[in-house]
Amino acid sequence: MNQLRHNIATMQGYVPGFQPDDIASWIKLNTNENPYPPSPRVKEAIIAELGSEGDLLRTYPSASSQKLRETAAHLYGFDPSWIIMANGSDEVLNNLIRACAGEGEEIGYVHPSYSYYSTLAEIQGARVRTFGLGDDFRIKDFPERYEGKLFFLTTPNSPLGRAFPLSYVEELAQRCTGLLVVDEAYADFCKWNALELVKKYDNVVVTRTLSKSYALAGMRLGLAVARPEIIAALDKIRDHYNLDRLAQVACVAALQDQDYFRESCRKIVETREWFSKELLQIGYDVISSQGNFVFASSPDKNGKRVYDGLYSRKILVRLLSDPLLAHGLRISIGTREEMEKTLSAIKEIG
Ligand code: PMP
């Protein structure tokens, strides 16, 4: 179709992890969802907002999501002018590229990490440069002065699970002339995060999601923390009603129930450590993870064989199509019971 822009007509598009129709009959460990429900306060808040007739749904939601910004700002120790809420962190990643990278301009990221950055850049007609990782987990050939408009650093890294030390993130902030976007989708499962760097460096942006640690992937909630000038620019280009009414009340309820949140993260981290140790004991290579998943390879380094064996037992994990990662699998951390079943299946598969 010649009505389409050339880059849109020729681009591949991002393929998210497989979502089976009969989801309840699977152990689903392929998209890093939380195995526990969100805080019970989320359901209460949604029911209250719906009321008996769903009457409020007639009316538009708050355009600014101000209450959410205030709640997040209080939690992270910032002024609300440093926060923007988004329809999943994907929305804010997209808007950062739209705000900063024009046609032909460069954005960079680490490979392997979240390949959606590349899709978002392609939509804009921006150029993409990827950087590999060395054995020391530092970025290979990263210039002393990186002049791309944006550099995306996923930490903890997905699919590998390892987090970059804060001192290294700070070094990158100093070496980037454009924005350093620290994608902290998994930071709530990690012992450290880069929020303090947002205050220290004017080019650092931290993005977060409520999809993983707050168990709200189905509500689509994310946010960014950055200088007010950057937030103001993002506010200009987002959809004005980017969060619906139910998502807004769910977000506030979830962020306010920190006891529930902490306990949910604690259980996942405990299960992650147990599962990693068990896999190591049966000869698997397991990267020490700071996320809610592990990247593990069988002794024969044949990810597809183990994937197929698990799939036939209705256990869904992530086999990454990239040849660099074909030796292993990314396995999300489910409940202890789900992980015990997964471990038994892996032992059976051999
Ligand atoms: N960043 C990373 C590294 C992710 O893995 C994901 C989820 N796949 C996202 C961002 C997007 O998360 P969401 O849009 O659900 O907030």
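Just so we're clear, the structure is a prediction, and the values are computed from it rather than from any experiment.

## Some points on the site of the ligand
Close to the ligand lie G88, S89, D90, Y114, T154, S158, D183, A185, T209, S211, A217 and G222. Taken together, the residues of the shell around the ligand sort by class into three nonpolar, seven polar and two charged.

## What to know about the pairing of strand β6 (residues 179-183)
Of all five residues in β6, five are buried, a share of seventy percent or more. Side-chain alternation along β6 places L179, V181 and D183 on one buried face and L180 and V182 on a second face that is also buried. Bridging between strand β5 (residues 150-154) and β6 involves five bridges; their strand directions are parallel. Bridged to L150 within β6 is L179. For the segment spanning β5, helix α6 (residues 166-175) and β6, crossover handedness is right-handed. Following the chain from β6 across helix α7 (residues 195-200) to the adjacent parallel strand β7 (residues 204-209), one finds a crossover that is right-handed.

## Notes on the domain arrangement of the protein chain
Interface size is commonly expressed as the accessible surface area that is lost when the partners come together. Each assigned domain of the protein chain is listed here: domain 1 (6-30 + 259-349) and domain 2 (40-257). Using only C-alpha atoms to locate each centre, domain 1 and domain 2 end up separated by 24 Å. Taken together, the contact pairs 27 residues of domain 1 with 23 residues of domain 2. Within the residue set of the side of domain 1 that touches domain 2, elements represented by two or more residues are α1 (6-10), α10 (258-281) and β10 (293-297). Here the side of domain 1 that touches domain 2 gets seven residues from one element, more than from any other, and that element is α10.

Thresholds, definitions, all that
Residues numbered from 1 in each chain as written. Predicted model: local features only at pLDDT ≥ 70, side-chain atom pairs only at ≥ 80, totals over all residues. Near = placed C-beta within 6 Å. Nonpolar A, V, L, I, M, F, W, Y, C, P; charged D, E, K, R; others polar. Buried ≥ 20, exposed ≤ 12 C-beta atoms within 10 Å, placed from the backbone. Helix = DSSP H or I, 4+ residues; strand = E, 2+ residues; numbered from the N terminus. Pairing = 2+ DSSP bridges. Right-handed = clockwise from strand over helix to strand, strands pointing away. Domains from an automatic or database assignment. Contact = placed C-beta atoms within 7 Å.

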